Amino acid sequence: MEERRRYKRLDLEVTLELERLDEGEIETLRYARVSVEDLSKTGIGFCSSLDLEVGSIYNAKLLIWTKEVIWTVIKIVRRVEKDGQYEYGGHFVGMTEADALKIQIYQMFQDAEEEQEGR
């Protein structure tokens, strides 16, 4: 499969909580926890039993490996159903440059570690 991502995805331990941005008076989801699969400075991959709509937008609380919280907005851009679960791809539409830099710095450390292990 051809890689179309601009930034490498990281496999790491993070926690994600989602809160759907309401459309009018309709409230469909509040603070759902999901299983994060990978992360980059521009997007996130995660699994959940929740049936989220492609194109829907969520406030997100992302607890990263340093125990810092990143508040961002995620737009669901991909959904694949597998064995009663859904695999999602989300694009960050509201992340500060400082928070994106934290993810990028971790990527640099991970790349350096992988390079040393390969020697």
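Residues numbered from 1 in each chain as written. Predicted model: local features only at pLDDT ≥ 70, side-chain atom pairs only at ≥ 80, totals over all residues. Heavy atoms only, no water.

Caption draft 1: Inspection of the overall build of the protein chain at higher detail. A tally of regular secondary structure across the protein chain gives one helix and six strands. In the protein chain, the succession of helices and strands from N to C terminus is β-β-β-β-β-β-α. Out of the 119 residues belonging to the protein chain, those deemed buried represent 36%. A fraction of 55% describes how many contacts in the protein chain between residues 6 or more apart in sequence connect residues 24 or more apart. Element-wise, carbon and sulfur atoms account for 47% of the exposed surface of the protein chain, whose accessible area totals about 7,900 Å². (Helix = DSSP H or I, 4+ residues; strand = E, 2+ residues; numbered from the N terminus. Buried < 20%, exposed > 50% of the residue type's maximum accessible area, 1.4 Å probe, protein only. Contact = heavy atoms within 4.5 Å. Areas by Shrake-Rupley, 256 points an atom, 1.4 Å probe, with all protein chains shown as cover.)

Caption draft 2: Region of interest: the sheet that holds strand β3 (residues 43–48). Overall, antiparallel pairing links the six strands, which are arranged β1-β2-β3-β6-β5-β4 in a closed barrel. Sheet twist, expressed as the average angle between the axes of neighbouring strands with direction ignored, equals 45°. For strand β5 (residues 69–82) and strand β6 (residues 85–92), the ladder comprises eight bridges, and the chain directions are antiparallel. Residue pairing in the sheet places I76 in a bridge with G90 of β6. (Pairing = 2+ DSSP bridges. Axes fitted to C-alpha atoms, helices over the stretch in contact; angles between N-to-C directions.)

Caption draft 3: Main features of the side chain of S56. On the secondary structure map, S56 appears in the loop between β3 and β4 (57–63). S56 sits in the buried class, given a relative accessible area of 4%. Only 2.5 Å separates the side chain of S56 from the backbone oxygen of E53, close enough to count as a polar contact. Within the structure, the side chain of S56 is placed 3.2 Å from the side chain of Y58, a separation counted as a polar contact. Dropping the residues within four chain positions of it, S56 is found in contact with R20, I74, K75 and I76. (Polar contact = N/O pair within 3.5 Å; in protein donor to acceptor, adjacent residues only side chain to side chain.)

Caption draft 4: Summary view of unusual backbone geometry. Of note in the backbone geometry, D83 takes a positive phi value of approximately 50° without being a glycine. Here D83 shows up in the loop between β5 and β6.

Caption draft 5: Main features of the pattern of salt bridges. Enumeration over the complete set of coordinates arrives at five salt bridges. When the shortest N-O distance is used, the salt bridge between D51 and R79 registers 2.3 Å. Of this pair, D51 sits in the loop between β3 and β4 while R79 sits in strand β5, placing them 28 residues apart in sequence. On the basis of relative accessibility, which here comes to 37%, the residue R79 falls in the partly exposed class. (Salt bridge = Lys/Arg side-chain N within 4 Å of Asp/Glu carboxyl O.)

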